[in-house]
Amino acid sequence: METSIETGELFQKADWKKEKHVPVIECPDTIKAEELCEVKVSIGKEIAHPNTTEHHIAWISLLFKPCDEKFPYHIGQFLFNAHGASVQGPNTSTVYTNHSIITSFKTSKSGTIFASGYCNIHGLWLSSKDIIVE
Ligand code: FE2
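**Topic: the overall build of the protein chain**
Next up, step 1: Regarding its fold elements, the protein chain presents one helix and nine strands.
Next up, step 2: For the protein chain, the sequential pattern of α-helices and β-strands runs α-β-β-β-β-β-β-β-β-β.
Next up, step 3: Oriented by its inertia axes, the alpha-carbon framework of the protein chain measures out at about 55 × 40 × 25 Å.
Next up, step 4: The proportion of buried residues among the 134 residues of the protein chain is 37%.
Next up, step 5: Sequence-distant contacts, at least 24 apart, represent 59% of the contacts inside the protein chain between residues at least 6 apart.
Next up, step 6: Looking at the protein chain as shown, the accessible area adds up to about 8000 Å², and 53% of this sits on carbon and sulfur atoms.
Next up, step 7: Distance between charge centres in the protein chain, computed from 12 positive and 16 negative side chains, equals 3 Å.

Below you can see the structure in the form of structure tokens.
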């Protein structure tokens with residue numbers, strides 16, 4: 001059986017101010033070539049996303065696609081593994097990994113940062129931000 005899935009069927013998109021699942025990318029609009037660019041990605045900045053054993057953000061993935069290249073580069077994969085579960089059962093620990101990350105990378109080309117986040121029950125969400133290298 002042949003399956004054809006369009007990107008839009010797999011990744012949800014929305015305005016992060018109205019939809020709690022959308023990754024919010026915070027970084028400079030313009031950077032200098034070969035200088036580290038700090039990037040913060042969070043989910044639920046305006047409307048908090050739950051963080052429980054039953055409902056949580058499992059990971060954020062970050063990619064960068066230079067504007068003149070065909071393929072993106074994977075900057076990093078960030079796993080959030082503690083969501084309240086313990087040997088006593090769901091939501092019985094006091095340990096919950098928060099779903100935000102700060103990382104840095106460098107490039108000598110302008111391009112687009114893509115951030116995807118995965119909610120264990122609401123699927124994949126995607127956002128992007130252009131950066132210009134001076
Ligand atoms: Fe969710």
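**Concerning the coordination of the iron ion**
Six octahedral donors at a metal ideally form angles of 90 or 180 degrees, and four tetrahedral donors ideally form angles of 109.5 degrees.
Next up, step 1: Around the iron ion, the protein contributes the donor atoms H21 (NE2), H49 (NE2), H55 (NE2), C119 (SG) and H122 (ND1), at 2.1 to 2.3 Å from the metal centre.
Next up, step 2: One chain supplies every donor to the iron ion, and in sequence these donors are spaced H-x27-H-x5-H-x63-C-x2-H.
Next up, step 3: H49 gets classed as buried once you look at its relative accessible area, which sits at 7%.
Next up, step 4: The exposure class of H55 is buried, given its relative accessible area of 13%.

**Observations concerning the packing of aromatic side chains**
Next up, step 1: Inspection of the entire model under this criterion finds two aromatic pairs.
Next up, step 2: Ring centres 5.6 Å apart and planes at 15° place the aromatic pair W59 and Y118 in the stacked group. Residue W59 is found in strand β5 (residues 57-66), and its partner Y118 is found in strand β8 (residues 111-119); the two are separated by 59 residues along the sequence.

Conventions used here
Residues numbered from 1 in each chain as written. Predicted model: local features only at pLDDT ≥ 70, side-chain atom pairs only at ≥ 80, totals over all residues. Heavy atoms only, no water. Helix = DSSP H or I, 4+ residues; strand = E, 2+ residues; numbered from the N terminus. Buried < 20%, exposed > 50% of the residue type's maximum accessible area, 1.4 Å probe, protein only. Contact = heavy atoms within 4.5 Å. Areas by Shrake-Rupley, 256 points an atom, 1.4 Å probe, with all protein chains shown as cover. Lys, Arg positive; Asp, Glu negative; His and termini not counted. Charge placed at Lys NZ, Arg CZ, Asp CG, Glu CD. Donors = N, O, S within 2.8 Å, 3.2 Å for Na, K, Ca; no water. Phe/Tyr/Trp six-rings, centres within 6.5 Å; stacked < 30°, edge-to-face > 60°.

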